[in-house]
Structure formats: C-alpha cells, structure tokens
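# Structural overview
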Amino acid sequence: MKKGLILWILATVCGCTGYQVSRVPQPKGTYIPAIYAAGQIAHGPTRSQAFRDLAYHKDMTEGELEYMISLLAIRKGTSQQLKDILLTILNNPAATAQTKLRISGVLPNLDMLPLDQKEIVDALARQKTKNQTLEIMEDALPQ
C-alpha cells in the first residue's frame with residue numbers, strides 16, 4: 001500500500017513539472033522547439049547543458065531567451081547549473097533590458113546559493129553600467 005502511494009505521488013510530481021512546462025506560452029522562433037525539448041529533459045545536468053548550449057546562440061530572439069528563463073524558473077536545477085545558464089544568457093548579445101528584467105524577476109524564486117545569486121546580481125549590475133556608459137558615449141558623439 002505504501003509503495004503504491006509513494007509511486008503515485010512520485011509520478012504525479014514528475015508529471016506536474018512537465019505539465020507546467022507545456023503550459024508556458026511559446027513565442028515564435030527558430031529555437032523554441034529545442035528550448036521546449038530541453039525543458040522536458042528529466043536529468044538535471046543534461047537539461048542544464050542543453051539550456052546552456054542553446055543560450056550560446058547569438059541569433060536568438062528576446063522572446064526565445066525569455067521563454068528559456070521561464071522554463072528555468074519551473075524546472076530549476078542546482079545553484080551552479082542555474083548560475084552557468086543565467087550568466088550565458090546575460091553574455092548573449094541578444095539579451096535586452098527586458099531579458100535582464102525577467103532574470104531579476106525570477107532570481108529570488110530560483111533557490112540559489114547566496115554567493116551564486118550575488119554573482120548573477122553583479123553581472124546584471126555590470127550589464128546595466130556597460131549599457132549606460134555606451135548610451136552616454138553615443139550621446140556625446142557629434143552628430
């Protein structure tokens with residue numbers, strides 16, 4: 001009786017995560033099927049590697065990056081895995097201010113270790129400073 005109940009609970013919990021992933025609205029984009037497939041991978045390290053490999057693509061759209069962040073918020077992983085993926089996303093030239101805002105919005109719910117979370121916050125701050133410096137320099141240039 002107890003084994004059956006435990007198996008039922010385990011199957012329900014595992015199934016719920018896949019169900020949650022399938023409920024996230026999918027934007028249009030070339031990489032959406034691959035991102036969705038990566039989100040369905042049950043083995044955490046393999047899922048994280050797939051997300052990270054996808055996050056390296058410089059031709060991703062803002063919508064695709066935000067979709068990946070949404071799936072990360074559901075499927076999670078270890079603190080180190082999440083940190084690696086988020087840093088890769090932040091270093092992607094396709095990451096916009098909206099992408100960074102999305103990361104800062106989900107960051108408190110990712111259950112990351114404080115040092116890993118601080119590293120992401122520092123990277124967000126560096127990105128904002130770099131963008132502000134570029135804007136100031138562009139404004140200073142003669143037209």
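If you're wondering where the values come from, they're calculated on a predicted model, not measured in any experiment. (Residues numbered from 1 in each chain as written. Predicted model: local features only at pLDDT ≥ 70, side-chain atom pairs only at ≥ 80, totals over all residues. Heavy atoms only, no water.)

### Overview of the overall build of the protein chain
- Across its full length, the protein chain carries 7 helices and 0 strands.
- Reading the secondary structure of the protein chain in the N-to-C direction produces α-α-α-α-α-α-α.
- Counting over 143 residues, the protein chain shows a buried share of 36%.
- Partitioning the intrachain contacts of the protein chain with sequence separation of at least 6 by distance along the chain shows that 68% fall at a separation of at least 24.
- Carbon and sulfur atoms make up 62% of the accessible area of the protein chain, which totals about 8,900 Å². (Helix = DSSP H or I, 4+ residues; strand = E, 2+ residues; numbered from the N terminus. Buried < 20%, exposed > 50% of the residue type's maximum accessible area, 1.4 Å probe, protein only. Contact = heavy atoms within 4.5 Å. Areas by Shrake-Rupley, 256 points an atom, 1.4 Å probe, with all protein chains shown as cover.)

### A few points about the pattern of salt bridges
- Taken as a whole and judged by the stated rule, the model has 3 salt bridges.
- Salt-bridge contacts for Lys83 lead to Glu119; the nearest nitrogen and oxygen are separated by 3.2 Å. Residue Lys83 is located in helix H5 (residues 79-91), and its partner Glu119 is located in helix H7 (residues 114-140); the two are separated by 36 residues in the primary sequence.
- The class for Lys83 is buried, based on a relative accessible area of 10%.
- Relative accessible area serves as the criterion here: at 32%, Glu119 is assigned to the partly exposed category. (Salt bridge = Lys/Arg side-chain N within 4 Å of Asp/Glu carboxyl O.)

### Observations regarding the environment of Leu101
- By the element assignment, Leu101 lies in helix H6 (residues 97-106).
- Exposure remark for Leu101: the relative accessible area of 55% places this residue in the exposed category.
- Separated by 35 residues in sequence, Leu101 and Glu66 have C-alpha atoms that sit 9.8 Å apart.

### Looking at the environment of Ile74
- As for its position among the elements, Ile74 is in helix H4 (residues 62-75).
- Taking the C-alpha atoms as reference, Ile74 lies 9.9 Å from Val106; in sequence the two are 32 residues apart.

### Observations regarding H6
- Of the positions making up H6, those classed as buried are Thr99, Lys100, Ile103 and Val106. Viewed end-on, H6 has its buried residues packed into an arc of 130°, placing them on one side of the element. What points out from H6, more than 90 degrees from its buried face, is the exposed set Ala97 and Leu101. (Arc of directions from axis to C-beta.)

### Considerations on the nonpolar core
- The biggest cluster of nonpolar side chains holds 31 residues, and the ones touching the most others in it are Ile35, Phe51, Met68, Leu86, Ile89, Ile103 and Ile120.
- If you list the elements that add at least two residues to this core, you get helix H2 (32-40), helix H3 (44-55), H4, H5, H6 and H7. (Core = buried A, V, L, I, M, F, W, Y, C linked by side-chain atoms within 4.5 Å.)

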